Amino acid sequence: MTDLWIRPSGAALGADIHGVDLSRPVSDAQFAEIAEAWKIHLVLRFSGQRIDDHQLMAFSARFGELDRVPIAAAHAERGGAGLAPDVAPWVTVISSIVQDGRPIGGLGASELVWHTDMSYNPLPPRASLLYAIEVPPSGGDTSFLDMYAAYETLPAALRTAIDGRTCIHDSSHNSAGELRKGFQETIDVSRTPGAVHPLVRLHPASGRKALFLGRRPNAYIHGLPVDESETVLDALWAHATQERFAWTQKWRIGDLVMWDNRCVMHRRDAFEPGLRRLMHRTQIVGEPVVAG
Ligand code: SIN
């Protein structure tokens, strides 16, 4: 036993972890308790932390190999977020701050739609860890959805409709709806660029099945006529995004929130564009997506 204690959010997912200082090495015993809590609660919050990028990276690396920052984020960062050279490949800056006329990070102040991080890649990250350095007085809350529960409560007809089916995860737009450099607007969703994944995935650690939707814009279920794909996707999204599967994080400086990107989706509320919000994010390399 350690001094660490866990307080579940009381919602479908999420728990606070108390009694651990992430600026110091986490013992194997503490880590085992954190890993077990993560498996149960899917999203963990460590409040009141004061960590630098190296400490964020060191804690993140306990969960697996660090993933490189997305290329688009690497471009945005050139605006001057001031990351050390050994940190820049591994820490994504998410920020509304503009310095010398250039954004220092990605994703600005707008709403981010429900999504799984980087599911447009063949190997989406296993986990994301987001650390709050500056937060606006209001807005910019981040909500999470339990995609195990969404799958387990699917109406039978919908379960049958997606049985064995795969879906395209759009790589042309980010979660703020911005068109990425080098891509064109999608006219026919059956030709959306991006990775194709099973709609139901088997979680490699828990062995449980989760709905794996990625993001709604430009999604397409392979093998179906486009209008039928749209109807099924609309029904899936209406089901999966119900409040009963959700928990919302209201950020305070020093919060580190980590989520299991294999069975959790998230979205962010917009906030006033002039307000400052600065987050540093690490990600863990994922496994191949296996159909459930
Ligand atoms: C993200 O989608 O990883 C960023 C979420 C946020 O800015 O709260």
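Our subject is the structure listed above.
Residues numbered from 1 in each chain as written. Predicted model: local features only at pLDDT ≥ 70, side-chain atom pairs only at ≥ 80, totals over all residues. Heavy atoms only, no water.

We now examine the sheet that holds strand β11 (residues 166-168). Pairing is antiparallel in the open sheet, where 3 strands are placed in the order β12-β11-β15. With one partner strand each, in any of the chains shown, β12 (196-198) and β15 (220-221) form the two edges of the open sheet. Where β11 and β15 come together, 2 bridges link them in antiparallel fashion. Bridging from a neighbouring strand, I168 pairs with Y220 of β15. (Pairing = 2+ DSSP bridges. Helix = DSSP H or I, 4+ residues; strand = E, 2+ residues; numbered from the N terminus.)

Before going further, it helps to examine the pattern of salt bridges. Taken as a whole, this structure holds 15 salt bridges when the rule is applied. Of the charged contacts, one joins E111 and R267 as a salt bridge, the two residues approaching to 3.1 Å between their closest N and O atoms. You can see E111 sitting in the loop between β7 (106-107) and β8 (112-115) and its partner R267 sitting in strand β18 (residues 264-268), a full 156 residues away along the chain. With relative accessibility at 41%, the residue E111 sits in the partly exposed group. On the basis of relative accessible area, R267 is assigned to the buried category, the value being 16%. (Salt bridge = Lys/Arg side-chain N within 4 Å of Asp/Glu carboxyl O. Buried < 20%, exposed > 50% of the residue type's maximum accessible area, 1.4 Å probe, protein only.)

Alignment of strand β1 (residues 5-8) against strand β2 (residues 15-18), held across 4 bridges, turns out to be antiparallel. Opposite R7, over in β2, you have D16 as the bridge partner. With antiparallel pairing between neighbouring strands as the criterion, β1 and β2 make up a hairpin whose turn holds 6 residues, including G10 at a positive phi of roughly 90°.

Ranked by size, the top nonpolar core spans 43 residues in total, and within it M147, L211, L213 and L236 carry the most contacts. Core analysis: the next-biggest nonpolar cluster, separate from the first, contains 31 residues, F59, V87, I104 and I284 among them. (Core = buried A, V, L, I, M, F, W, Y, C linked by side-chain atoms within 4.5 Å.)

A few words on the side chain of R277. Of note, R277 is situated in the loop between β18 and β19 (278-284). No salt bridge is formed by the buried R277; the nearest opposite charge belongs to D141, separated by 7.2 Å. Of the polar contacts made by the side chain of R277, one reaches the backbone oxygen of G140; its length is 2.9 Å. If sequence neighbours within four positions are ignored, R277 has contacts with I94, S95, S96, I97, E134, V135, P136, G140, T142, W251, R268 and F271. (Lys, Arg positive; Asp, Glu negative; His and termini not counted. Polar contact = N/O pair within 3.5 Å; in protein donor to acceptor, adjacent residues only side chain to side chain. Contact = heavy atoms within 4.5 Å.)

Turning to the state of the cysteines, a few remarks are in order. According to the stated counting rule, one finds 0 disulfides in the structure shown. As a non-bridged cysteine, C167 has C263 as the owner of its nearest cysteine sulfur, 18 Å distant. Residue C167 is classed as buried on the basis of its relative accessible area, which comes to 0%. Accessibility expressed as a relative area gives 0% for C263, which makes it buried. (Disulfide = S-S within 2.5 Å.)

We now examine the pairing of β2. Looking at chain direction, β2 and strand β3 (residues 43-46) are connected through 2 bridges and run parallel. For A15, the partnering residue across the bridge sits in β3 and is L44. In this region the chain leaves β2, passes through helix α1 (residues 28-41) and returns to the parallel neighbour β3; the handedness of that crossover is right-handed. (Right-handed = clockwise from strand over helix to strand, strands pointing away.)

Moving on, we get to helix α2 (residues 53-60). The α-helix advances 3.6 residues per turn, and as a result positions three or four apart in sequence lie on the same side. For α2, the full list of buried residues reads D53, L56, M57, F59 and S60. Along the axis of α2, the buried residues cluster in a sector spanning 165°; they form a single face. Those residues of α2 hidden inside the fold are in contact with α1, β3, β9 (127-134), β17 (256-260) and β19. (Arc of directions from axis to C-beta.)

With that settled, consider the packing of aromatic side chains. Throughout the structure, instances matching the rule amount to 6 aromatic pairs. Measuring from ring centre to ring centre gives 6.0 Å for F144 and W247, while their planes differ by 20°; the resulting arrangement is stacked. Within this pair, whereas F144 is found in strand β10 (residues 142-146), its partner W247 is found in strand β16 (residues 246-249), the two being separated by 103 residues in sequence. Of the two residues, F144 and W247, both sit in the buried class. Through successive ring pairs, a cluster of aromatic residues spans F31, W38, F46, F59 and F63. Of note, R201 hangs over the ring of F212, and the distance from its end group to the ring centre comes to 4.8 Å. (Phe/Tyr/Trp six-rings, centres within 6.5 Å; stacked < 30°, edge-to-face > 60°. Lys NZ or Arg CZ within 6 Å of the ring centre and 35° of its normal.)

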